[in-house]
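Coordinate inspection notes
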Amino acid sequence: MGWSRAAKRLGWAAGTVFLAAALYVVYMAYTSFVADPGDVSFLAHKTGLHRHLSRGAWLVVLHVHVASALVAILAGALNFAWTRARAHPALHRAVGYLYLAGVLGVDGTSGYLAPEATGGEVVTVAFNLLNVYWLVAAFFVYWMAHKRRPDAHGRWAVRSYVFLDTNALNRGFTWLGVHVIGLSFATAYEVAVCLSIAANVALGEWLALSLYPCTSRRRA
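The text that follows walks through the structure, step by step, so that each part is easy to find. Everything quoted here is computed from the prediction, not taken from an experiment.

1. Thoughts on the packing of helix α4 (residues 89–113) against helix α5 (residues 121–146)
Running from N to C, α4 and α5 cross one another at 160 degrees; their axes reach a closest spacing of 10 Å. When the axes of α4 and α5 are compared, the pair comes out roughly antiparallel. Every pair of crossing elements has a handedness; the one defined by α4 and α5 is left-handed. Every residue of α5 that contacts α4 at Y97, Y99, L100, V103, L104, V106, D107, S110 and G111 is listed here: N131, W134, L135, A138, V141 and Y142.

Structure follows, in structure tokens:
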């Protein structure tokens, strides 16, 4: 009976995570591709853009960036929620590859977007460091699965997945910086990016070790 209740609670939690991810994906898809496809609200805050920047090319890359993130959010949530490896190994593997493709899409397009990031060089460096860390984490997600180390695979999957909330955290911290502290948008965004990256590293490590506790010296 105890196991049954625990399984039900886990099922509800997993379903809630997937529902929240799905709702966020719908919201971001609407705002990015329907309500403001030209990203006017965000571009209005950019200053000091390089003259060679092509707005058309920038928007195409941004839309690929957003679409890749949405794919990764849904695929990751689906794997965490309903396609556990033990129950659906083939589906879990296929969705996992879809997740990794989404992460690579986000990471790859970030290389183009980061030099023109709002907030200047500090934000550019922060995003580039994040891209390197995220790429390493994605590699270990794959490698630990390949080595058949499910707990280590799960830990790296969690560490990787949390960074998909970076946009949401950036928006939240930026809003607080502008409307509560009274910073300029550029300064608030610069602080928000650094805070969101630090928060996600800490959150990812805490969740990874809480959900997949280490039972041996092999902690990766």
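Right, picking up where we left off after that structure.
2. Concerning a nonpolar patch on the surface
A contiguous nonpolar patch, built from Y97, F139, Y142 and W143 and spanning about 410 Å² of accessible area, is present on the exposed surface. Among the elements that take part in the nonpolar patch, α5 stands out by supplying 3 residues, more than any other. Along the chain, Y97 falls in helix α4.

3. Here's the deal with the packing of α4 against helix α6 (residues 150–161)
Packing of α4 against α6 brings their axes to within 12 Å, and their N-to-C directions diverge by 35 degrees. Between α4 and α6 the crossing geometry is left-handed. Here α4 contributes H92, Y99 and V103 to the contact with α6, which in turn contributes H153, A157, S160 and Y161. Class assignment of the residues belonging to the contact of α4 with α6 gives a composition of 4 nonpolar, 3 polar and no charged.

4. Quick look at the packing of aromatic side chains
Following the criterion strictly, the structure yields 7 aromatic pairs and no others. With a centroid separation of 5.4 Å and 70 degrees between ring planes, the pair formed by F80 and Y161 is classed as edge-to-face. Highlighted residues: F80 in helix α3 (residues 55–81) and Y161 in helix α6, separated in sequence by 81 residues. Residue classification places Y161 among the buried positions, given a relative accessible area of 16%. With a centroid separation of 5.5 Å and an interplanar angle of 70 degrees, the aromatic rings of F139 and F140 are classed as edge-to-face. The exposure class assigned to F140 is partly exposed, which follows from its relative accessible area of 26%. Among the aromatic residues, ring-to-ring pairing joins F139, F140, W143 and W156 into one connected group. Directly above the aromatic system of W156 lies the positively charged group of R159, at a separation of 4.5 Å from the ring centroid.

5. Let's talk about unusual backbone geometry
The phi dihedral of R148 is positive, around 55 degrees, even though this residue is not glycine. Note that R148 resides in the loop between α5 and α6. Residue class for R148 comes out exposed when judged on its relative accessible area of 74%.

6. Comments concerning the pattern of salt bridges
Counted by the stated rule, this structure contains 1 salt bridge. With its nearest N and O atoms 3.0 Å apart, the salt bridge here joins R159 to E205. Here the residue R159 occupies a position in helix α6, and E205 occupies one in helix α8 (residues 185–211), the gap between them amounting to 46 residues.

What counts, and where the lines are drawn
- Residues numbered from 1 in each chain as written.
- Predicted model: local features only at pLDDT ≥ 70, side-chain atom pairs only at ≥ 80, totals over all residues.
- Heavy atoms only, no water.
- Axes fitted to C-alpha atoms, helices over the stretch in contact; angles between N-to-C directions.
- Helix = DSSP H or I, 4+ residues; strand = E, 2+ residues; numbered from the N terminus.
- Parallel < 35°, antiparallel > 145°, perpendicular 65-115°, else oblique.
- Left-handed = near helix turned anticlockwise from the far one by under 90°.
- Contact = heavy atoms within 4.5 Å.
- Patch = residues over 30% accessible without salt bridge, like charges linked within 9 Å, V, L, I, M, F, W, Y side chains within 5 Å.
- Areas by Shrake-Rupley, 256 points an atom, 1.4 Å probe, with all protein chains shown as cover.
- Salt bridge = Lys/Arg side-chain N within 4 Å of Asp/Glu carboxyl O.
- Nonpolar A, V, L, I, M, F, W, Y, C, P; charged D, E, K, R; others polar.
- Phe/Tyr/Trp six-rings, centres within 6.5 Å; stacked < 30°, edge-to-face > 60°.
- Buried < 20%, exposed > 50% of the residue type's maximum accessible area, 1.4 Å probe, protein only.
- Lys NZ or Arg CZ within 6 Å of the ring centre and 35° of its normal.

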